[in-house]
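Structure assessment
In case you want the letters, here they are:
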Amino acid sequence: MTATIDPARLQFGLNTFGDVSHDAAGEPVPYPQVIRDVVAEGVLADQVGIDAFAIGEHHRDDYAVSAPDIVLAGIAARTERIRLSSAVTVLSSDDPIRVFQRFATIDAISNGRAEIVVGRGSFTESFPLFGFELSDYQVLFDEKLNLLAEVLKEGPVTWSGSTRAPLTGIEVYPKTASGSIPTWVGVGGSPESVVRTAHYGMPMMLAIIGGDPQRFAPYVDLYHRALDQMGKDRLPVGVHSPGFIADTDEEARELFWPHYQTAFGRIGRERGWGPTTREHYDAEIEHGSLYVGGAETVARKIAATVAGLGIERFDLKYTTGPVPHAANMRAIELYGTQVIPMVRELVTEAVPVG
């Protein structure tokens, strides 16, 4: 795997879901301020040289962002170079035509820096909210991905399916200046999802939120083999994983732990998981997919994942739970100014190209 990596092609992003943060008194920050803070975080990410900034979609009280594209448009108007992405757009409960139109608009505002990551999402609140049945989970995603793939070609769209009225030679506007919007498929790790992504000729973003990231190597291999068998060119593979960076390992671990416990403890109770313990947290940092520590510790762990999986993109979900905005801003600064340069250096040293 490692011999296929070209360090010059590596990209590094940040992800957020707009987690509702706490203020200095430990009180939840109002939703409007959280959204403004996310914009400020995206602007800082641009200033410190990060390649991409991605915002996820949720419809529940612990996240402030339900319309990532609107927030991305605000960031687009205040930035110069950073790519602006969803993480993910829950395509099953959205309209593929409107998804394209919104991101084509972001692409215009940002002068060509928009990208989309579509997926089924790990939460289901959007289904009842927008009038969809969970029993249609699979067919909704399959058909809407198929329609989006046609719309992304930016020509006349002819399409039919069971989830909406057919289209015959319909043009969708606005068109983009480049004629395309880079679109990834977020994959949780099923072989069927991997092969589907290859079928559409879209880059694959692996969501790895726990356990040894190297266990996903077979999926990366399957994706590349599927592309080869379908006669398609090699496409990027990315990884999205949670983490947090502070000035020292101890500071990062101690600051992040109560917020991680809050977020994963709630999700665990909702889904019937066991309790979120400090032992589990420490084990995920040491051996799993939790990138927590000072700059050097996080850089070495990211470099190991990049080299071990042979990926071209790593996105750090830098917010989990009610971490204060100031701590998130420091994490972004460290990621851009210290972690990313160090990862590039480590991968260059480890992987000869040519």
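Details of the structure are given in the entry above.
Read on for a plain summary of the structure. (Residues numbered from 1 in each chain as written. Predicted model: local features only at pLDDT ≥ 70, side-chain atom pairs only at ≥ 80, totals over all residues. Heavy atoms only, no water.)

Let's shift gears to the packing of helix α1 (residues 31-47) against helix α11 (residues 325-350). The description of two helices packed together rests on the angle between their axes and the distance between the axes. It is the contact of α1 with α11, at a shortest axis distance of 9 Å, that shows an interaxial angle of 15 degrees. Regarding the angle of α1 to α11, the classification is roughly parallel. Regarding α1 and α11, the two cross each other, and that crossing is right-handed. In this structure, α1 contributes Asp 37, Ala 40, Glu 41, Leu 44 and Ala 45 to the contact, and α11 contributes His 325, Asn 328, Met 329, Ile 332 and Glu 333. Its residues assigned to classes, the contact of α1 with α11 shows five nonpolar, two polar and three charged. (Axes fitted to C-alpha atoms, helices over the stretch in contact; angles between N-to-C directions. Helix = DSSP H or I, 4+ residues; strand = E, 2+ residues; numbered from the N terminus. Parallel < 35°, antiparallel > 145°, perpendicular 65-115°, else oblique. Left-handed = near helix turned anticlockwise from the far one by under 90°. Contact = heavy atoms within 4.5 Å. Nonpolar A, V, L, I, M, F, W, Y, C, P; charged D, E, K, R; others polar.)

Another point: unusual backbone geometry. Ala 87 connects to Val 88 through a cis peptide bond whose omega is 5 degrees. Take Val 88: it is sitting in the loop between β3 (83-86) and β4 (89-90). With omega at 5 degrees, the peptide bond leading from Tyr 173 into Pro 174 counts as cis. One can find Pro 174 in the loop between β7 (167-170) and β8 (183-187). Positioned with a positive phi, Asn 111 is a non-glycine residue whose angle comes to about 60 degrees. Its identity is not glycine, yet Glu 154 carries a phi of approximately 60 degrees, on the positive side. Turning to its location among the elements, Glu 154 is positioned in the loop between α5 (137-151) and β6 (157-159). For Glu 154, a relative accessible area of 13% puts it in the buried group. (Buried < 20%, exposed > 50% of the residue type's maximum accessible area, 1.4 Å probe, protein only.)

Mapped onto the elements of the fold, Thr 320 is located in the loop between β12 (313-317) and α11. A distance of 3.5 Å separates polar atoms of two side chains, one belonging to Thr 320 and the other to Lys 317. Dropping the residues within four chain positions of it, Thr 320 is found in contact with Asp 19, Pro 242, Phe 256, His 259, Tyr 260, Ala 263 and Phe 264. (Polar contact = N/O pair within 3.5 Å; in protein donor to acceptor, adjacent residues only side chain to side chain.)

Core analysis: the largest hydrophobic core is formed by 96 residues, its most contacted members being Phe 53, Ile 302, Phe 314 and Tyr 335. Ignoring sequence-local partners within four residues, the contact set of Tyr 335 consists of Phe 12, Gly 13, Leu 14, Ile 50, Ile 245, Ile 302, Phe 314, Leu 316, Ile 340 and Pro 341. (Core = buried A, V, L, I, M, F, W, Y, C linked by side-chain atoms within 4.5 Å.)

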